[in-house]
Amino acid sequence: MRASTDADANAFLQLDGVSKAFGDFHALVDVNFTIAEGEFICFLGPSGCGKTTLLRCIAGLETQSEGRIRMGGADISWLPTSERDFGIVFQSYALFPNLTVSDNVAYGLVNKRMAKPAIKARVAELLSLVDLSEHISKYPGQLSGGEQQRVALARALATSPGLLLLDEPLSALDAKVRAHLRREIRAIQDRLGVTTIMVTHDQEEAQTMADRIFVMNEGRIEQLGTPDEIYNAPATPFVADFIGVMNFFTATVAEGGGVVRGDLTLACETGGHGEGTELNCAVRPEDIRLIDRDGDDGANIIEATVDSIEFLGSFVRLYLALPALGAGELRADVRKEQAQHLDIAVGGTVRLRIPPATIRLYEAGPPR
Amino acid sequence: MTARMRFGWLDVVVIGCVVALLAYVAYRVHGHLVYHWNWAEPLQFFFRRDEADGGWVPNLLIEGVIITLRVSLWGAVLGMAIGLLAGLGRISQVALFRMISRGYVELVRNVAPVPFLFIMFFFVGNQILKPLGLEGVQDAVSPATGGVLELMFGELNLLRNFAAATLALALYEGAYIAEIVRAGVLSIERGQWEAGDSLGLSRLHQLRHVILPQAVQRITPPLANQSIQLIKDSSLVSLLSIQEMTFMGQEIAHSTSRFFETWIIVAAMYFVVCFGLSRIYARLERRINKSRR
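Just so it is clear, the model here is predicted, and its values are computed rather than measured.

What counts, and at which threshold
- Residues numbered from 1 in each chain as written.
- Chains lettered and ligands numbered in written order.
- Predicted model: local features only at pLDDT ≥ 70, side-chain atom pairs only at ≥ 80, totals over all residues.
- Heavy atoms only, no water.
- Helix = DSSP H or I, 4+ residues; strand = E, 2+ residues; numbered from the N terminus.
- Rg over C-alpha atoms; globule rule 2.2 N^0.38 Å.
- Buried < 20%, exposed > 50% of the residue type's maximum accessible area, 1.4 Å probe, protein only.
- Contact = heavy atoms within 4.5 Å.
- Areas by Shrake-Rupley, 256 points an atom, 1.4 Å probe, with all protein chains shown as cover.
- Lys, Arg positive; Asp, Glu negative; His and termini not counted.
- Charge placed at Lys NZ, Arg CZ, Asp CG, Glu CD.
- Buried area = accessible area lost by both parts, 1.4 Å probe.
- Salt bridge = Lys/Arg side-chain N within 4 Å of Asp/Glu carboxyl O.
- Polar contact = N/O pair within 3.5 Å; in protein donor to acceptor, adjacent residues only side chain to side chain.
- Nonpolar A, V, L, I, M, F, W, Y, C, P; charged D, E, K, R; others polar.
- Domains from an automatic or database assignment.
- Core = buried A, V, L, I, M, F, W, Y, C linked by side-chain atoms within 4.5 Å.
- Expected span 1.5 Å × (residues − 1).
- Bend = angle between axes of the 7 residues up to and from the residue.
- Patch = residues over 30% accessible without salt bridge, like charges linked within 9 Å, V, L, I, M, F, W, Y side chains within 5 Å.
- Pairing = 2+ DSSP bridges.
- Axes fitted to C-alpha atoms, helices over the stretch in contact; angles between N-to-C directions.

Peer 1: An account of the overall build of chain B is requested, with residue identities and associated values reported.
Peer 2: Helix and strand counts for chain B come out as twelve helices and two strands. Going from N to C terminus, chain B has its helices and strands arranged as α-α-β-β-α-α-α-α-α-α-α-α-α-α. Whereas a compact globule of 293 residues would reach a radius of gyration of roughly 19 Å, chain B reaches 24 Å, over 25% beyond that. Along the first, second and third principal axes, the C-alpha set of chain B runs to 75 × 70 × 40 Å. Within chain B, the proportion of its 293 residues that are buried is 37%. Restricting to contacts in chain B with at least 6 residues of sequence separation, those with at least 24 account for 72%. As displayed, chain B offers around 17,700 Å² of accessible surface, 66% of which is attributable to carbon and sulfur atoms. Separation between the mean location of the 26 positive side-chain charges and that of the 21 negative ones in chain B comes to 14 Å.

Encoded structure:
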């Protein structure tokens, strides 16, 4: 059942069979992973998937029901929070409202037996790192959300922790500040080289910031991999559905390869699935190519009716109706210029091609 | 819902009823209650002429107010200290502290104040303060020091009595203050504790620098309210022969037989002190709120 309970020599942080139950509710189910030193990891998943609980177990703010947590080779499973080596930024910031910005940042340093001038220098260094030097003597209540978040980051980094934990640090900010802080946090992490785990439900945030993403669902890690792997080779229907946009339809494996549904036959790599097996087929809207009416005759060319059109800035999303799939079931993303060139209109027909390599197949059963 | 007050026909009816009732009471008092008011007699207990030099000196009522304020002040100081310890004890991680604090608070809340004060008065006076030897204080200190002590605690030959009564009152009020302190600390978001834990600081350190400063800000209004309550409760120590306002009122009422007048005067004095204090608190609170903005 357990993968291994031996310490991995290269791992900075290692979880073995970590589970957490609140009564009958299983928040975490047998979580195993290792993180190397200096990595930037994102726990990504919908709300209630257990990602924050997992982060809090690592911090010791929550106690796992089962399993072990190792950090830097030492077993920290039962260590109290105050003795673990990490800094944390909470979703609510949890700054101390009665202390100034500099006292907030200095707070973790006071019991490190540092001399006063050394603490002062360290605070100044951290505040310049997060670009807040001019707010040093203000109170948190006098700062904007983005500024408060940066104070929280400086406070978390003050003691030079081995591990930085970020619990949805950007979710309370508006889009522009969020995008700016994303780059800033990643730049600081690169400069300091501190191992970082960030919890987020925002896939764009995870994809732009993380070295590796751990996609979570219902207390389990569904897939762990680089942003590229997660997007281009989703391991499960859940990941395929959760990351980016995905067309799903069921079909059965046809005689001599490919899949068939009604009068629609698509060529694709069926792997080891036997003929007649029902499968979930997944295609990303941007992988569907629109071709000229008299265009080439490759594989998987289909005619469809345009149900509706959605303008999404640099591209348009077509909702297509096919006899085999039903109305509006298939979405295709087309660049704006091509849409104009092909003169696409609601009610018109389009020819499209689904490259066989872009069709992914999963065992049947609807995506969770 | 509108914030502006509307004056409707129902208000007219209610106010009309109240006016009618007051008129009836005045009529009864004037015409049927055969009582000859005599305010002069009790009023002379505010000030009297000194027999030696003929100047005005405070009489029993003023002395009573001073002692009431003295008992209340020390009762509040001690009560806050006891309440803070007991309040923090109730949320301690040490089960023994929790048990002791809980036992204390429940005892006070479920026992009538008079028996509680008597028991504490005799227990504290005889078992704790007697061995301290407070009796000889007036002889042991210089006249100057004695003067300062007298200003703070009243007549020094009654010091043990005063201390025991004040401590008994403080123990009574402390239980209520403990509940206020507990509620204040519990009202601080859990994230504040978690942030402190994450920074590696001890619980005591967090309490002192982060939790209590925030909690104190929140519990200042209920604490101010409790201190006014304490002034009113201080009338209970008249039973312990502390010569404060109520005690003096009793003396005057008995010696002059002007019960109505005397007690109305004493009640008015309590009202002036308590209402005055509540106005001062309200003003302070407004100022604090303004400066925080």
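Peer 1: Any chance you could break down the interface of chain A and chain B for me, citing the residues and the numbers?
Peer 2: Across the contact, 18 residues belong to chain A and 17 residues belong to chain B. Counting the surface lost from both chain A and chain B, the interface buries some 1,500 Å², and carbon and sulfur atoms represent 60% of this. When residues of chain A are sorted by the area they lose upon contact with chain B, F96, N98 and Y107 of chain A head the list and together hold 32% of the total. Linking chain A with chain B are one salt bridge. A salt bridge links R56 of chain A to E194 of chain B, with the shortest nitrogen-to-oxygen separation between them at 2.5 Å. The tally of links from chain A across to chain B stands at three residue pairs in polar contact (both at pLDDT 80 or more). Tallied by class, residues from the side of chain A that touches chain B come to eleven nonpolar, five polar and two charged.

Peer 1: Account for the domain arrangement of chain A, naming residues and giving values.
Peer 2: Residue and element names in this part refer to chain A. Domain annotation of chain A identifies domain 1 (38–46 + 88–241) and domain 2 (245–363). Taken over C-alpha atoms, the centre of domain 1 sits 40 Å from the centre of domain 2. The partner domain 2 presents six residues to the eight residues of domain 1 that form the contact. Between domain 1 and domain 2 lies a buried interface of about 680 Å² when both sides are counted; carbon and sulfur atoms form 50% of it. Linking domain 1 with domain 2 are four residue pairs in polar contact (both at pLDDT 80 or more), by the criterion used here. If you list the elements that add at least two residues to the side of domain 1 that touches domain 2, you get α7 (227–232) and α8 (237–242). For the side of domain 1 that touches domain 2, the leading source of residues is α8, giving three residues. Along the lines of polarity and charge, the residues of the side of domain 1 that touches domain 2 split into five nonpolar, two polar and one charged.

Peer 1: Please give an account of the nonpolar core that cites residues and values.
Peer 2: One finds L13, F33, F43 and I197 of chain A to be the most contacted residues of the largest nonpolar core, which totals 51 residues. The biggest single contributor to this core is helix α10 (residues 203–233) of chain B, with seven residues. When near neighbours in sequence (up to four residues on either side) are disregarded, L13 of chain A contacts F33, T34, I35, I58, I69, R70, M71, L163 and I197 of chain A. By size, the runner-up hydrophobic cluster in this structure holds 44 residues, among which are Y93, A158, L173 and I230 of chain A.

Peer 1: Outline unusual backbone geometry, listing residues and values.
Peer 2: Residues and elements named next belong to chain A. Backbone geometry places E168, a non-glycine residue, at a positive phi of 45 degrees. With respect to the element layout, E168 can be found in the loop between β7 (163–167) and α5 (175–192). Residue E168 is classed as buried on the basis of its relative accessible area, which comes to 7%. A positive phi angle, near 50 degrees, is found at E218, a position not held by glycine. Mapped onto the elements, E218 comes out in the loop between β9 (212–217) and β10 (220–225).

Peer 1: Can you lay out helix α8 (residues 159–186) of chain B for me, pointing to particular residues and giving the numbers?
Peer 2: Residues and elements named next belong to chain B. Here α8 spans 38 Å end to end across 28 residues, near enough to the 40 Å set by a 1.5 Å rise per residue. Bending of α8 peaks at approximately 30 degrees at the position of G174. Burial analysis of α8 places 21 of its 28 residues in the buried class, which makes it a mostly covered element.

Peer 1: Residues and numbers for a nonpolar patch on the surface, please.
Peer 2: Residues and elements named next belong to chain B. Taken together, the side chains of L21, Y24, V25, Y27, V29, L33, W37, W39, L43, F260 and I264 present a nonpolar region at the surface, about 1,100 Å² in accessible area. For the nonpolar patch, the secondary structure elements donating two or more residues are α1 (9–31) and α12 (259–292). Broken down by element, the nonpolar patch gets its largest block of residues, five residues, from α1. Along the chain, the position of V29 falls in helix α1. Using a relative accessible area of 34% as the deciding quantity, one classes V29 as partly exposed.

Peer 1: Could you give me a rundown of the sheet that holds strand β3 (residues 40–44) of chain A, with the residues and numbers involved?
Peer 2: Residue and element names in this part refer to chain A. Spatially, the six strands line up as an open sheet ordered β6-β7-β8-β3-β9-β10, and their pairing is mixed. Looking along the sheet, the strands with just one partner apiece sit at the ends: β6 (86–89) and β10. The mean angle between the axes of side-by-side strands here comes to 15 degrees, regardless of whether they run parallel or antiparallel. The pairing of β7 with strand β8 (residues 195–200) spans five bridges and is parallel. Each residue of the ladder has a partner; that of L164, found in β8, is T196. Contacting β3, β6, β7, β8 and β9, helix α1 (residues 51–59) crosses the sheet at an angle of about 150 degrees to β7. This element, helix α4 (residues 145–157), spans β6 and β7 of the sheet and lies at about 170 degrees to β6.

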